[in-house]
Amino acid sequence: MCGIVGYTGTTPCCDILIDCLSRLEYRGYDSAGIAVCENGGIVSVKAAGKLKHLKAKIADMEKPKGTCGIGHTRWATHGEPNDTNAHPHGTDRVMLVHNGIIENYKEIKSFLTEKGYSFYSQTDSETVAKLIDYYYDEDPLQAIINAKAHLVGSYSLGILFADRPGFIYALRQDSPLIVGKGTKENFIASDVPAILHHTRSYYILEHDEIAVIAANQVTFLDLEGNVIAKELHEATWDIDAAEKAGYDHFMIKEIHEQPSVIAKTMRPHIINGMPDFSDCGVQADDLRTIQKLHIIGCGSAVHAGLIGEYLIEKLAGLDVEVSIASEFRYRDPIIHPGDFVIAISQSGETADTLEALRLSKKKGAKTLGIINVVGSSIARESDMVCYTQAGPEISVCSTKAYMVQMTTMYLFAFELAYIRGSISAEACRYYVRQMNKIPAQIEQYLSDTSVCQHAATHLKDANSLLYIGRGLDYCLSMEGSLKLKEISYIHSESYAAGELKHGTISLIENGTPVIAIATQSSLIHKTMSNIQEVKSRGAFVIVVTTDRHTIKKDAADFVITIPDNEEILLPLLAAVPMQLLAYYTAIIKGNNVDQPRNLAKSVTVE
Ligand code: F6R
């Protein structure tokens, strides 16, 4: 949510900043801007809309030639997305880019107004720039420290001072920031993919730390101004993973990456054919003694958690509660010391999930993060961490990250059930063997996507549609519905099939599409009755099922058949047509699938 970058080195930085920003556009695309130190001052260029508008503006002017600058791609929080509200913000002396929210910006604004400052934008960020300017008296560090004492909220900042050309100052509180280390050049960025083309070495700026970055040196300081030592990390992500590699969109590329990232995610957690999370610090004793398990997350991550809930209750007989992190935080959840809390997050930076994790820790829970981004806040603050291996997910609409979150939930449920004695070693090995078949089955399914393309033609003109299912199919239907509405902008709801007749069935009109997921043998007869109920009221029914079930001709208008496997594993296979249906519907409608309207990835604001 908002991406910030910075470069200081020996090369004119304008193109480098734009290149780095282009790799962060998934964090917001309401506006973009850069500021570059030049001729004793700071030149800034900014434009509303996507990065291409900024590029066009720069192409029409004399390009800034300075070798030190900062850049920003915005997801608007305060103030509409226009040129004026675009970052960078500041004065002749100080310019900054900001990711996060300053909660007390109104008080800061009044304070500065009394001191004679005026404001041109509606942003919270401008107040921070002006506060630093207010405190600036030839000592950038002191100005930043003084200003920070006023700030309430979350922020990462990249700051330039006109009389300190060649230096970028960075400050972090909650919102993520890394410092990339190159040769005679250094960087700042909100996320690793932004700098992968230039360097793989990076430091993670922690809360309450300041970085002073020059071409040849990076210094880290605490808020007392003491120099601190930090560990240098090496990014293991493949550079190509952050490129489209010949695909039309990141989303479809990431869907096709699923077989390999699922296999990669499983590998470290299967030892001698049995699930094993000991490398994440999860001890058998911890699992044996859990009284209650909580799973928290947002969006697709919480949907993966729901699959986990069904599995763990069924296989391990353990009490599980899944919560949307933004609700969990404010409802005073009952957590007893010793309860086990799993926080699921791709970015590891989602503000609500992070705060829910902190609350759980405060209440004495043991916490496990299931996280994709190495070194992210939730990963660092969890007692134990299990990294998923999706690699960089660039498409705003999550596919492969959700899939590896589910994969991890499966293996975790198997281990939990085995350790607690509710399934035998033999059964556990069998499930793992069946899991190992999933990557090849998805690969094979993806070799021909024509059925989903065809089905999408039946959805494109709908104003509204329903996803239904029972049990695990219901959990998956929530993800199917989210994918579709997120990128096709068609309203959809997901409903437990048995719940329809308690109100929702009144939405069914002639031609209303209903996507029914019906893979579970024990429930299919009931689901088929619910399908019959909507069909007889005029619904256009698409059924997603496996070969083992025969769907009578008059029971559905369209059948999507997924490969078969052990029944509890079928959500991993049925998820793929859900993603493809959303993708192709959005494509037919001409939508920008990688950058859906109003959205951004890595939701670092509440
Ligand atoms: C949907 C989607 C979001 C994220 C949610 C949580 O396609 O991407 O719903 O799943 O914002 O994000 P993370 O996993 O980064 O915490």
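Residues numbered from 1 in each chain as written. Predicted model: local features only at pLDDT ≥ 70, side-chain atom pairs only at ≥ 80, totals over all residues. Heavy atoms only, no water.

A. Representation of the packing of aromatic side chains. Enumeration according to the criterion identifies 14 aromatic pairs in this entry. Summarising the aromatic geometry, the rings of Phe-414 and Tyr-431 are spaced 4.9 Å apart at their centres and angled 10° between planes, so their arrangement reads as stacked. Of the two residues, Phe-414 is situated in helix α13 (residues 400-419) and Tyr-431 in helix α14 (residues 425-446); the sequence distance between them amounts to 17 residues. The pair formed by Phe-414 and Tyr-431 is uniform in burial state, with each residue classed as buried. One aromatic cluster is present, built from ring pairs that chain together Phe-111, Tyr-117, Tyr-134 and Tyr-135. It is Lys-230 that lies over the ring of Phe-220; its NZ or CZ is 5.6 Å from the centre. (Phe/Tyr/Trp six-rings, centres within 6.5 Å; stacked < 30°, edge-to-face > 60°. Helix = DSSP H or I, 4+ residues; strand = E, 2+ residues; numbered from the N terminus. Buried < 20%, exposed > 50% of the residue type's maximum accessible area, 1.4 Å probe, protein only. Lys NZ or Arg CZ within 6 Å of the ring centre and 35° of its normal.)

B. Structural context of the site of the ligand. Around the ligand, a shell composed of 15 residues is seen, among which Ser-345, Gln-346, Ser-347, Thr-350 and Lys-483 lie nearest. Separating an oxygen atom of the ligand from a backbone N or O atom of Gln-346 is a distance of 2.6 Å. Considered on its own, the ligand offers 410 Å² of accessible surface; in the complex 87% of this is hidden by protein. Where the shell around the ligand is concerned, the elements lending two or more residues are α9 (299-316) and α16 (472-488). (Near = heavy atom within 4 Å. Polar contact = N/O pair within 3.5 Å; in protein donor to acceptor, adjacent residues only side chain to side chain. Areas by Shrake-Rupley, 256 points an atom, 1.4 Å probe, with all protein chains shown as cover.)

C. Looking closely at the state of the cysteines. Applying the stated rule across the entire model yields zero disulfides. Looking at Cys-397, it has no disulfide partner, and the nearest cysteine sulfur is the one in Cys-452, 14 Å off. In this structure Cys-397 comes out as buried when scored by relative accessible area, which is 0%. Given the relative accessible area of 1%, Cys-452 is considered buried. (Disulfide = S-S within 2.5 Å.)

D. Quick peek at the environment of Leu-466. The residue Leu-466 is located in strand β23 (residues 464-469) in this model. Look at Leu-466 and you get buried, because its relative accessible area is 3%. The sequence separation of Leu-466 and Ser-492 amounts to 26 residues, and the corresponding C-alpha distance is 5.4 Å. Among all residues touching Leu-466, those that are not within four sequence positions of it are Glu-493, Tyr-495, Leu-500, Thr-504, Ile-508, Pro-513, Val-514 and Ile-515. (Contact = heavy atoms within 4.5 Å.)

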